[in-house]
Amino acid sequence: MGSGADLKLPVLDFSSPQLKPGTAEWTSMRDAVMQALEIYGCFEARFEKVPVELQKSMLGSVEELFDLPLQTKLRNVSKKPFHGYVGQYPMVPLYESMGIDDADMYEKVDSLTTTLWSEGNPNFSKNIQSFSEKLSELDKMIRRMILEGLGVEKYLDEHMNSTNYLLRVMRYAGPQTTDTKLGLNSHTDKNIVTILCQNEVEGLEVQTKDGEWFSAQPSPNSFIVMIGDSLYAWVNGRLHSPYHRVMMSGNKARYSVGLFSIPKGGYVIKAPDELVDQEHPLLFKPFDHVEFLRFYYTEAGQRDQFALKTYCGV
């Protein structure tokens with residue numbers, strides 16, 4: 001693996017209409033996805049089903065959202081940890097974010113919209129829902145490829161039905177200096193698959209398995225796809241869940257949007273028997289994702305670099 005300065009994520013293009021299960025093109029892409037997720041835990045994806053205009057409109061809606069007064073943003077609440085408004089953290093003063101549960105369903109998005117704008121904001125609801133719904137097609141395609149690649153496609157329906165979608169919108173203020181400042185601490189995601197979109201301001205860094213940090217700089221209008229700890233546990237460590245962080249410099253704010261496939265509360269994450277053998281002994285006991293999040297967001301969980309292993313490691 002080259003030095004951090006010359007490392008680049010694999011770029012995979014999912015735009016071809018011929019990319020359908022059973023075709024040679026699908027098999028070739030599936031192999032490329034598996035290789036990227038085994039080595040890096042992430043890759044850059046091109047996906048034309050999300051038009052450039054929609055990405056721009058959606059990022060405009062995100063800016064509009066963060067321009068709301070703090071008291072209004074605080075109405076974004078959730079029973080699930082880290083699903084509502086997050087901000088005002090002394091450790092990461094440049095960062096704030098908001099979550100939209102079931103973001104691919106218009107009525108759920110619009111319910112939050114009317115909480116934030118008393119007169120409603122149909123354009124905002126439409127942008128968020130349309131973007132989430134189209135991007136969820138990429139999530140489903142990648143997850144199908146993963147299960148096929150591991151030879152456990154018989155679990156496909158159960159796997160797909162075990163999740164819903166959270167759209168997390170994030171703002172990182174420019175630190176107003178050429179020095180690099182921490183935008184978001186090093187962490188692994190805790191969900192199944194994350195698909196990230198950003199404005200033109202860079203900042204995302206990914207850590208290799210060897211511990212080297214490198215800048216992930218997607219080309220305009222493409223996405224970063226990354227797997228989280230819940231999928232890492234489900235595939236029994238056969239794919240890599242990468243540490244990543246955000247480092248900021250300059251004056252411009254960085255806006256990014258992540259579509260997260262999230263295990264539903266009550267669904268028990270358990271590696272299929274087919275993925276446990278002598279070479280791959282079981283890594284984690286079965287666990288509920290929401291219960292794990294409750295542990296992760298305690299003081300002890302936040303300090304623990306290997307929170308999942310501490311929580312339910314074998």
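Residues numbered from 1 in each chain as written. Predicted model: local features only at pLDDT ≥ 70, side-chain atom pairs only at ≥ 80, totals over all residues. Heavy atoms only, no water.

Per an unreviewed UniProt entry, the protein chain is named Probable 2-oxoglutarate-dependent dioxygenase AOP1, and its organism is Rhodamnia argentea. UniProt lists a comment for the protein chain under the heading Function (unreviewed entry), and it reads "Probable 2-oxoglutarate-dependent dioxygenase that may be involved in glucosinolates biosynthesis. May play a role in the production of aliphatic glucosinolates." Under the UniProt heading Sequence similarities (unreviewed entry), the entry covering the protein chain gives this text: "Belongs to the iron/ascorbate-dependent oxidoreductase family." (UniProt positions renumbered as here; feature names shortened; annotations may be inferred.)

A. Quick look at the sheet that holds strand S10 (residues 244–250). Read across the open sheet, the four strands follow the order S5-S10-S7-S8; overall the sheet is antiparallel. With one partner strand each, in any of the chains shown, strand S5 (177–187) and strand S8 (213–215) form the two edges of the open sheet. Ignoring which end each strand starts from, the neighbouring axes of this sheet average 30 degrees apart. Here S5 runs beside S10; their pairing, made up of five bridges, is antiparallel. (Pairing = 2+ DSSP bridges. Helix = DSSP H or I, 4+ residues; strand = E, 2+ residues; numbered from the N terminus. Axes fitted to C-alpha atoms, helices over the stretch in contact; angles between N-to-C directions.)

B. A look at empty space enclosed by the protein. Going through the model one piece at a time under the given rule, you end up with two cavities of 30 Å³ or more. One number sums up the size of the largest cavity: a volume of about 40 Å³. As for the largest cavity, its lining consists of His159, Ser162, Thr163, Ile192, Trp234, Pro263, Tyr267 and Ile269. Looking at the lining of the largest cavity residue by residue, the class counts come to five nonpolar, three polar and no charged. (1 Å grid on protein atoms, 1.4 Å probe; cavity = no way out; pocket = protein on both sides within 12 Å on 5 of 7 lines; lining within 4 Å. Points joined across faces, edges and corners; volume = space filled by probe spheres on them. Nonpolar A, V, L, I, M, F, W, Y, C, P; charged D, E, K, R; others polar.)

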